[in-house]
Amino acid sequence: MIRRKTREITLGSLKIGGHNDVVIQSMTSTKTHDIESTLAQIDRLTKTGCEAIRVAVPAKEDAEALKDIIDYSPVPIIADIHFVPSMAFLSMEAGVHGIRINPGNINKKEIVRDIVLEAKNKNVCVRLGVNSGSLEKSLLEKYGYPTPEALAESALNWSSFFESLGFYNFKVSIKGSDVLQNIKANEIFAQKTDIPLHIGITEAGMGTQGMVKSSVGLGVLLYKGIGDTVRVSLTDEPEKEVEAAYEILKSLGLKKRGIDVISCPTCGRIEVNLPKVVKEVQEALKDMDLPIKVAIMGCAVNAIGEASHADVGLACMKGGALLFKDGKILKKVSEENMVSELLETIEKHYHKEVEV
Ligand code: SF4
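Sequence positions are assigned chain by chain, starting from 1 and proceeding in written order. Given that this is a predicted model, residues contribute local features only at a pLDDT of at least 70 and side-chain atom pairs are listed and counted only at 80 or more, while totals for whole chains, interfaces and linings are drawn from all residues. Just so you know, side-chain values use all the structure's heavy atoms and leave hydrogens and water out.

The nearness test applies per residue and asks whether one of its heavy atoms lies within 4 Å of the molecule or strand. Lining the immediate surroundings of the ligand are C264, T266, C267, R269, G298, C299, N302 and E306. Under the scheme applied, nonpolar residues are Ala, Val, Leu, Ile, Met, Phe, Trp, Tyr, Cys and Pro; charged residues are Asp, Glu, Lys and Arg; polar residues are all the others, including Gly. Looking at side-chain class alone, the shell around the ligand contains three nonpolar, three polar and two charged residues.

Simply put, an axis is a line fit to the C-alpha atoms, just over the touching stretch for a helix, and the angle between two N-to-C directions goes from 0 to 180 degrees. Helix and strand assignments follow DSSP, with helices taken as H or I runs no shorter than four residues and strands as E runs no shorter than two, numbered in order from the N terminus. One can describe the packing of helix α3 (residues 85-94) onto helix α4 (residues 109-122) by two numbers: an axis separation of 10 Å at closest approach and a directional angle of 5°. Our classification of the angle between α3 and α4 gives roughly parallel. Taken together, the residues of α4 that come into contact with α3 (itself represented by P85, A88, F89, M92 and E93) are I111, D114, I115, E118, A119 and K122. Its residues placed into classes, the contact of α3 with α4 shows seven nonpolar, no polar and four charged. When describing relative orientation, an angle under 35 degrees is termed roughly parallel and one over 145 degrees roughly antiparallel, while 65 to 115 degrees is termed roughly perpendicular and anything else oblique. Throughout, a contact is declared for two residues whenever any of their heavy atoms are within 4.5 Å.

Position of K255 among the secondary structure elements: in the loop between α9 (238-251) and β11 (260-263). Within 3.5 Å is the distance limit for a polar contact, defined as a pair of N or O atoms, with the added protein rule that one can donate a hydrogen and the other accept it, and that residues adjacent in sequence qualify only through two side-chain atoms. Separated by 2.5 Å, the side chain of K255 and the backbone oxygen of V22 make a polar contact. When sequence neighbours within four positions are dropped, the list of residues in contact with K255 reads D21, V22, V23, I24, E51, Y246, L249 and K250.

What follows deals with the sheet that holds strand β8 (residues 170-175). By this definition, two strands are paired if DSSP reports at least two bridges between them. Here we have eight strands laid out as an open sheet, ordered β8-β7-β6-β5-β4-β3-β10-β9, and parallel in their pairing. A single partner strand is all that each edge strand has here, and the edge strands are β8 and β9 (198-199). In terms of strand pairing, strand β7 (residues 125-131) meets β8 through six bridges, oriented parallel. When the sheet's bridge partners are listed, G129 is paired in β8 with S173.

Below, the discussion takes up the packing of aromatic side chains. A pair of aromatic rings is counted whenever rings of Phe, Tyr or Trp (Trp by its six-membered ring) have centres within 6.5 Å, and the orientation is called stacked for planes under 30 degrees apart, edge-to-face for over 60 and tilted otherwise. In this structure the tally under the stated criterion is four aromatic pairs. Aromatic side chains F162 and F167 sit 6.3 Å apart centroid to centroid with 55° between the ring planes, which places their arrangement in the tilted category. Relative accessible area decides the class of each residue, using a 1.4 Å probe on protein chains only: under 20% of the type maximum gives buried, over 50% gives exposed, and in between gives partly exposed. Owing to a relative accessible area of 0%, F162 belongs among the buried residues under this scheme. These aromatic residues form a ring-pair network of at least three members: F162, F167 and F170. Comment: the charge-over-ring label is applied if NZ (Lys) or CZ (Arg) is within 6 Å of the ring centre and within 35 degrees of the ring normal. Cation over ring: K109 sits above F161, and NZ or CZ is 4.6 Å from the ring centre. The ring centre of Y246 lies 5.0 Å from the NZ or CZ of R257, which sits over that ring.

Okay, helix α7 (residues 179-192) next. Over its 14 residues, α7 runs 21 Å from end to end, which matches the ideal 20 Å to within 8%, given 1.5 Å per residue. Counting buried positions over the 14 residues of α7 gives 10, a clear majority of the element. Looking at α7, one finds that the buried residues are V179, Q181, N182, I183, A185, N186, E187, I188, F189 and A190. Where α7 is buried, its residues meet α6 (148-164), β8, β9 and α8 (207-223). Its side-chain oxygen placed 3.2 Å from the backbone nitrogen of L180, D178 serves as the N-cap of α7. What a helix should span is 1.5 Å times the count of its residues minus one.

A few words on the pairing of strand β12 (residues 293-297). On a regular strand, one side chain projects to one face of the sheet and the next to the other, so that they alternate. β12 sits mainly inside the fold: four of its five residues count as buried. Where β11 and β12 come together, four bridges link them in parallel fashion. Pairing of S263 across the sheet is with I296, part of β12. Once the chain exits β11 it traverses helix α10 (residues 274-285) before rejoining the sheet at β12, and the crossover so formed is left-handed. The path from the first strand over the helix to the second decides the hand: if it runs clockwise while the strands point away from the viewer, the crossover is right-handed.

A patch consists of residues whose relative accessible area exceeds 30% and which take part in no salt bridge; residues with like charges are grouped when within 9 Å of each other, and nonpolar side chains (Val, Leu, Ile, Met, Phe, Trp, Tyr) when within 5 Å. For accessible areas, the Shrake-Rupley method is used with a probe of radius 1.4 Å. Any residue's cover is judged against the shown protein chains and nothing else. Take a side-chain nitrogen of Lys or Arg and a carboxyl oxygen of Asp or Glu: if they are within 4 Å of each other, that pair is a salt bridge. A grouping of M211, V212, V216 and V220 is seen on the molecular surface, where their side chains present a nonpolar patch of about 280 Å² in accessible area. You can see V212 is positioned in helix α8.

Between helix α1 (residues 35-48) and helix α2 (residues 60-72), the least distance of the axes is 10 Å, while the angle of their chain directions is 30°. In this view, α1 runs roughly parallel relative to α2, as classed from their interaxial angle. Here the hand of the crossing between α1 and α2 comes out right-handed. Contacts between α1 and α2 involve I35, T38, L39, I42 and D43 on the former and, on the latter, A65, D68, I69 and Y72. Looking at side-chain class alone, the contact of α1 with α2 contains six nonpolar, one polar and two charged residues. A crossing counts as left-handed when the near helix is turned anticlockwise from the far one by less than a right angle, and as right-handed when that turn is clockwise.

Our next topic: the confidence of the model for the protein chain. When the pLDDT values of the protein chain are averaged, the result is 92; 98% of them are 70 or greater. On a scale of 0 to 100, pLDDT captures the predictor's confidence in every residue. Low pLDDT (under 50) marks residues 352-356, which in the prediction has three contacts with non-local residues, meaning those over four places away or in another chain.

Read from one edge to the other, the open sheet built from five strands follows the order β11-β12-β13-β14-β15, with strand pairing classed as mixed. The open sheet terminates on both sides in strands that have one partner only, identified here as β11 and β15 (328-334). Going across the sheet, the axis of each strand differs from the next one's by a mean of 20°, ignoring polarity. Sheet topology note: the β12/strand β13 (residues 312-317) ladder contains four bridges and is parallel. Each residue of the ladder has a partner; that of V294, found in β13, is V312. Sheet contacts for α10: β11, β12 and β13; angle to β12, the most-contacted strand, approximately 160°.

And the structure:
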């Protein structure tokens, strides 16, 4: 896959754009001034692999909590600013690595200028957000409604303004009201500039709907090489967003993490409670990071052939499973031992190789 060539920018210790990997972001859902809860969530997020974390800063008490949060967080912290520009200055004063602003909801251009100049002074990364709800009046009059062209034009105009101030350490996010509008607006913008893009499908929703909308929207853009940072927005615990982002990036070959566990869809030949076995294996392997594929198949009839591309796996059968490696059966294992036997095989055959 050929990724769009973007300029490299800096967010704290992270490099974004250029030849760097796509960065996974999420946002805390706690009250930022509740430092203990916010730090606990940051801890869970970073353990899941989150690489940059945004926190909401709607009020002074939230800005005042930032210093402790920044001191503790192992990943860069981005302050999310809406409507109250003074929070941008307080956040930068507190030492945030990045801020997210939507110039469309800061009603004076001079204030946007002052925020950008302060970010330039303090080497703070800015995410310039444009969305369909806060598009400039002139563009609404020109296009009639927030079309993808209007959104891209707004983002390009604000980008030019940032650059006219000698500021280049920023990325852009363009949020349309639906998946297609999002894709189109990002594509138009991407064709015209090398500014890095943060992509995400905003308000994607819950459960299956949220996952599917995000996977389709992000998947299409990433496949076209567009996207330097991503957030999967879900109405769920933020850790789920990070897990989903990894799955999307892994499926496109853009990120490697953990062990790839595959399982069959099951059919009338099934002899075990496969979801239970898969969950146990996933749980047991969740902290291992190896470039291997583990297959858990519901029966022994077609399993080894179907899973021949897997490195190691179980083909379940009544009362146990066949443990196989590289398409060859190693042994028959009992139901109660099959997960532990699989883990031992992985340890024995792969862990050493990786540690060497
Ligand atoms: S592995 Fe067996 S149970 Fe699973 S889908 Fe294939 S034939 Fe059906």
